[in-house]
Amino acid sequence: MLQIKNLHASVEDKDILKGINLEIKAGEVHAIMGPNGAGKSTLSSIIAGNENYEVSQGEIFLDGEEISELAPEERAHKGVFLSFQYPVEIPGVSVTNFIKTAINESRKANGKEEMPANEMLKLIREKSELLEMDRKFLSRSLNEGFSGGEKKRNEIFQMAMLEPKIAILDETDSGLDIDALRIVANGVNKLKNENNAVLVITHYQRLLEYIVPDYVHVLMDGKIVKTGGADLALELEEKGYDWIKNELV
Ligand SMILES: Nc1ncnc2c1ncn2[C@@H]1O[C@H](COP(=O)(O)OP(=O)(O)OP(=O)(O)O)[C@@H](O)[C@H]1O
Ligand SMILES: [Mg+2]
């Protein structure tokens, strides 16, 4: 589904990603962990098409198609979804209107008609219930005055509505209370199927108790230095990252 080959990237002449190789197959959940500043958010931004980074080498494929040259919207239309570590506010645009527009733009780009209003309403109802969202919340301006946890939950709502092929969740767990964490994780689990894949970036093993990864990768200093199963997250929680550094030298 998603294939990354030898990805090198920099920003203002500072090398951040130094040869990332990653393959995520349909139906899989991958987690990336790693110290602050390792390049995790940079990697997710680059997959989504953020143009602030200079990609000097490497390729990104989605279902076998090279997407490295595509604009962020085009990638989104092809099924790449990124939840941000720091979501933006859009005053005057409601949660509902934002998602309606996003869905219809995506349908248009894929040669489909707009979604009929009743179908859209039904979908919104279904997905907001899945995520146990308050009705009133849906008419508020996007992210304006949202608490940290509300922003995160709204992102998962957007993901639920858009049904991406690959969903990248960058620290979706940070700032969520215990109930919200469970709700969000359940939402992700319910949305997962054999035709999509999830990449979760997290600092804590806790989220991975709910969203159980098939693979855990450790990203350090711009490289994936270790890959393991779900147990690796437990080991990291217990031992930190230093032992990996020592293993490498
Ligand atoms: N626009 C930018 N300008 C300058 N430096 C940047 C920029 N974007 C990223 N960096 C640097 O690249 C490195 C990797 O940042 P990144 O946000 O990818 O780390 P991260 O692994 O997501 O860390 P965290 O766990 O703290 O979220 C950091 O040293 C950061 O300061
Ligand atoms: Mg980050």
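Presented here is a report on the structure given in the accompanying data block.

How each quantity is defined
Residues numbered from 1 in each chain as written. Chains lettered and ligands numbered in written order. Predicted model: local features only at pLDDT ≥ 70, side-chain atom pairs only at ≥ 80, totals over all residues. Heavy atoms only, no water. Helix = DSSP H or I, 4+ residues; strand = E, 2+ residues; numbered from the N terminus. Rg over C-alpha atoms; globule rule 2.2 N^0.38 Å. Buried < 20%, exposed > 50% of the residue type's maximum accessible area, 1.4 Å probe, protein only. Contact = heavy atoms within 4.5 Å. Areas by Shrake-Rupley, 256 points an atom, 1.4 Å probe, with all protein chains shown as cover. Lys, Arg positive; Asp, Glu negative; His and termini not counted. Charge placed at Lys NZ, Arg CZ, Asp CG, Glu CD. Near = heavy atom within 4 Å. Polar contact = N/O pair within 3.5 Å; in protein donor to acceptor, adjacent residues only side chain to side chain. Salt bridge = Lys/Arg side-chain N within 4 Å of Asp/Glu carboxyl O.

### What to know about the overall build of the protein
- Across its full length, the protein holds nine helices and 12 strands.
- Taken against the 2.2 N^0.38 rule, which gives 18 Å for 249 residues, the C-alpha radius of gyration of the protein at 18 Å falls within 12% of a compact globule.
- By principal-axis analysis of the C-alpha atoms, the protein measures approximately 60 × 40 × 35 Å.
- Counting over 249 residues, the protein shows a buried share of 50%.
- For the protein, the share of sequence-separated contacts (at least 6 apart) that also reach a separation of at least 24 residues comes to 67%.
- For the protein, the computed accessible surface area is about 12500 Å², with 46% contributed by carbon and sulfur atoms.
- Measuring between centres, the 29 positive side-chain charges of the protein sit 4 Å from its 42 negative side-chain charges.

### Topic: the site of ligand 1
- The environment of ligand 1 is made up of 15 residues, and the closest members are Gly37, Lys40, Ser41, Thr42 and His203.
- Within the backbone of Gly37, an N or O atom sits 2.8 Å from an oxygen atom of ligand 1.
- Here Lys40 contributes a side-chain N or O atom positioned 2.7 Å from an oxygen atom of ligand 1.
- Taking 640 Å² as the accessible area of ligand 1 by itself, protein coverage stands at 68%.
- Mapped onto the shell around ligand 1, the elements with two or more residues apiece are strand S2 (14-24) and helix H1 (40-48).

### Description of the pattern of salt bridges
- If you walk through the whole model with that rule in mind, you get seven salt bridges.
- Across the salt bridge formed by Lys18 and Asp221, the nearest N and O atoms sit 2.8 Å from each other. A residue pair is termed long-range when its members are at least 10 positions apart, and Lys18 in strand S2 and Asp221 in the loop between strand S11 (215-220) and strand S12 (223-228) qualify at 203 residues.
- Of the charged contacts in the structure, one is a salt bridge between Glu163 and Lys127, with a shortest N-O distance of 3.3 Å. With a gap of 36 residues between them, Glu163 in the loop between helix H5 (148-162) and strand S9 (166-170) and Lys127 in helix H4 (residues 117-130) connect regions that are remote in the sequence.
- We classify Lys127 as buried; its relative accessible area is 7%.

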